[in-house]
Amino acid sequence: MPSEPEHWDLRLYVAGHTDKSLRAINNLKRICKEHLNGKYTIEVIDLIEKPQLAAGDQIVALPTLVRRLPEPIKKILGDLSNQERVLVGLDVRPQA
Amino acid sequence: MVEQLRKVPTGIAGLDELTRGGLPAGRPTLVCGGPGCGKTLLATTFLVRGAVDRGEPGLLVSFDERIDDLGVNVASLGFDLPSLEERGLLSTDYVKIERQEIHETGEYDLEALFIRLDYAVRTVGARRVVLDTIDTLFAGIPNEAVVRSELRRLFDWLKDRKLTTVITAERGEGSLTRNGIEEYVSDCVILLDHRIIDDLSTRRLRVVKYRGTSHGTNEYPFLIDAQGITVVPITSIGLSHVASDETVSSGLPELDAMLGGKGYFKGSSILLSGGPGTGKTTIGAHFAEATCRRGERCLYFSFEESPSQLVRNMRSAGIDLQPCIDQGLLLSQASRPSVGGFEMHLALMLKAVRDFRPSAVVVDPFSALVASGAHYQAHSMALRFTDYLKSHAITALYLSLEDTEGATGLDVSSIMDTWIVLRNMRSDTDLSRRLHIVKARGIAHSNEVRRMEITEGGIRLSDLPQTKAHAGQER
C-alpha cells in the first residue's frame, strides 16, 4: 500500500447550475469530507462562465473531476454518484 | 420552385467542378478514408482556402495531432496556420482524450466539447469547421452510447449554426466508416482511397452521396504534391471557351503558308498523324522551338523519348531545343503512360500544365496515351484534356501514330480543329514524305499535298513536281 498523499488537488468542471452539476458538487464535497481527512482543495469551474478553461485540462465530458495531485492526473467522468468508483478513481481505495 | 442548394467552394482544384460548386453550405460533409489517404489535407485545404481566398474564418479541431504538428505537416504546401491564427482567420483546438486517465462514475455528456467548439467558433467568427478525425471520440470515451447520442447532437448543433463542416472519419471494413459515422451525415459523403496500382501510388476520390444535387459519381484520381490537392479530371468544359482569332506559327513558314499564311489558331487543337518515321516529332519540335523563340513557354510531353534523346535527335534535324530548355521556356516531360495507367497519367499531365502554364503543348504521341487506357473512360478523359487546354487558350499539338485502322484507333479527329496527315511514299528508288492538311477549321487552308523533306536545317515543304493531288478526297 503506497503511502498516503500529502494533498489532493481537485478541480471539478461543470456547466451551469443544473441538477447534474449540483449533484456532482455535493457528491464530491461529501466524499472528500468523509475520506480525505481535510487534506484537499476543491476548485469548481463552471465552463458556461469560463469556456476558455476547458482546453487547458482537455475537458470534453461533463461533469469531469480532475485529480491534479497526487500525480498522475486522473479524470473522473460523471456526477460522482457512485462513491466506490470515485474512491477507486482517486486512488483512495485500491482497485478491486 | 425549389431553392437551389447553396454551396461553399473548397478551393481544391477539380473538386469544386465535380461537386458543381463545392460542399453544401451550412451543413456537415463527411470525408472518409483509410490512414494516409489525404483526409486531413483535404480538410485543412478547405479551411485555408476559405480563409485566404474568401476571407472566411475557420475552426480546426484536431482529435489526432497537436496543432503544431499538423501545422508543420501542411507547411510544405505553403499553408501557414500560425499566421492565419494571428490574423484572426483561424481558430484551432487540439482535443486530446486519454482513455487511461478516465474513470466513469455516473451520468455525463460531452457538453464540454460543445462549449469548446462554441468558444472557438465565436473567437474568430468561424464559418467553416473541420473535425479531424471524429473516430478518436469512440476510442477515448468509454461509453459508446454517450458518444453516439452526442454525435447526433453535435451534427444538429453544427447545422443550427449553419457551419459548413468537414468531418473526417476512418474507413471501415465493408462499410464507409469504422464507426458508422455516415449514419449521422446525410448531406454529403466523400470517400478517399489510396492504393498501389502497377507500382504507382494512386489516390482516388469519389463523391458517394450528395443530397439535392447532381455530382460526378465516378472515382476521380487526385494528386497530392507541393501545391496541394488536385482532383482530376476537370469536368468537361464543353464548347464555352472563346475561339481566338490570334494565330501562332507552326515553326514552319511553308506550313504556315498552307494554313492561310498565319499558322495555327491560338488555343486550337491540332492533330498531326502519320505512320512511323514520317517526321511527326520533328514537326512537333519545330512548333516547340518557335513557341520558345517568341518567349512563350512550351510543355512537351514525350512518351517515347527521354528529354536528352529528344534534344539529340532534333539537333540532327537542325532544331536546337537545348537553349529553350536552358531558358526555362521548354519543359520536356518523359514518362511511359503504361506505368501509371491512363487516369493517373492524365492527372499528372494536367498538373504539369497547371504548374508550368505553357502557351503551347505538344503531346508525343497522343496515341500512346490513349492506348494505355484500357477502359471506356479513356476517350472522355482525352476529351477533357483537350477541353482543358482549349479553355485556357493553350495551343495543343497532338502527334498521333497512325495505324491501319485510321487516325489513332480512337476517334479524336472530330474534336480536333486542324488535322495534318503525314505519309511515307515508297517508290523503287527512294522514300519520300508527303504532308497534307485534311482540315483546318476557320482557315482557308491549302488542299495540296506537299512533299516534305527532313534536312539538316529542319523540315522543308515543297510543291510536288508532277501532280497536284487534291487531298480532300484522300481521308
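Scroll up for the structure.
Notes on the structure in this doc start here.

What about the sheet that holds strand β2 (residues 40-46) of chain A?
Then comes step 1: Read across the open sheet, the five strands follow the order β2(A)-β1(A)-β3(A)-β4(A)-β6(B); overall the sheet is mixed. Two strands close off the open sheet at either side, each with one partner strand: β2 of chain A together with β6 (102-104) of chain B. Across the sheet, the axes of successive neighbouring strands diverge by a mean angle of 20°, strand direction being ignored.
Then comes step 2: Taken together, the seven bridges between strand β1 (residues 8-14) of chain A and β2 of chain A define a ladder with parallel strand orientation. Within β2 of chain A, the residue paired with Leu10 of chain A across the bridge is Ile42 of chain A.
Then comes step 3: Along the sheet face, helix α1 (residues 19-35) of chain A touches β1, β2 and β3 (64-69) of chain A and points at about 165° away from the line of β1 of chain A.

Concerning the sheet that holds strand β15 (residues 269-274) of chain B
Residue and element names in this part refer to chain B.
Then comes step 1: Read from one edge of the open sheet, nine strands run β17-β16-β18-β19-β15-β20-β21-β22-β23, paired in mixed fashion. The open sheet has two edge strands, β17 (330-334) and β23 (458-463), and neither has a second partner. Going from strand to strand, the sheet's axes swing by 20° on average, the running direction of each strand aside.
Then comes step 2: Across three bridges, the pairing between strand β21 (residues 431-440) and strand β22 (residues 450-455) is antiparallel. Across the sheet, the residue bridging to Leu435 is Arg450, located in β22.
Then comes step 3: Against the sheet, helix α9 (residues 280-293) contacts β15, β16 (298-302), β17, β18 (360-364), β19 (395-401), β20 (418-426), β22 and β23, and its axis sits at roughly 160° relative to β18.

Quick word on the interface of chain A and chain B
Then comes step 1: Every contact between the two is made by 28 residues of chain A and, on the other side, 22 residues of chain B.
Then comes step 2: Looking at the side of chain A that touches chain B, the elements with two or more residues in it are β4 (74-77) and α2 (83-89) of chain A.
Then comes step 3: Tallying contributions element by element places β4 of chain A first for the side of chain A that touches chain B, with four residues.
Then comes step 4: Along the lines of polarity and charge, the residues of the side of chain A that touches chain B split into 16 nonpolar, seven polar and five charged.
Then comes step 5: Summarising the sheet, β4 of chain A and β6 of chain B pair through three bridges and their orientation is parallel. Its bridge partner lying in β6 of chain B, Leu77 of chain A is registered against Glu104 of chain B.

Rules behind the numbers
- Residues numbered from 1 in each chain as written.
- Chains lettered and ligands numbered in written order.
- Predicted model: local features only at pLDDT ≥ 70, side-chain atom pairs only at ≥ 80, totals over all residues.
- Pairing = 2+ DSSP bridges.
- Helix = DSSP H or I, 4+ residues; strand = E, 2+ residues; numbered from the N terminus.
- Axes fitted to C-alpha atoms, helices over the stretch in contact; angles between N-to-C directions.
- Contact = placed C-beta atoms within 7 Å.
- Nonpolar A, V, L, I, M, F, W, Y, C, P; charged D, E, K, R; others polar.

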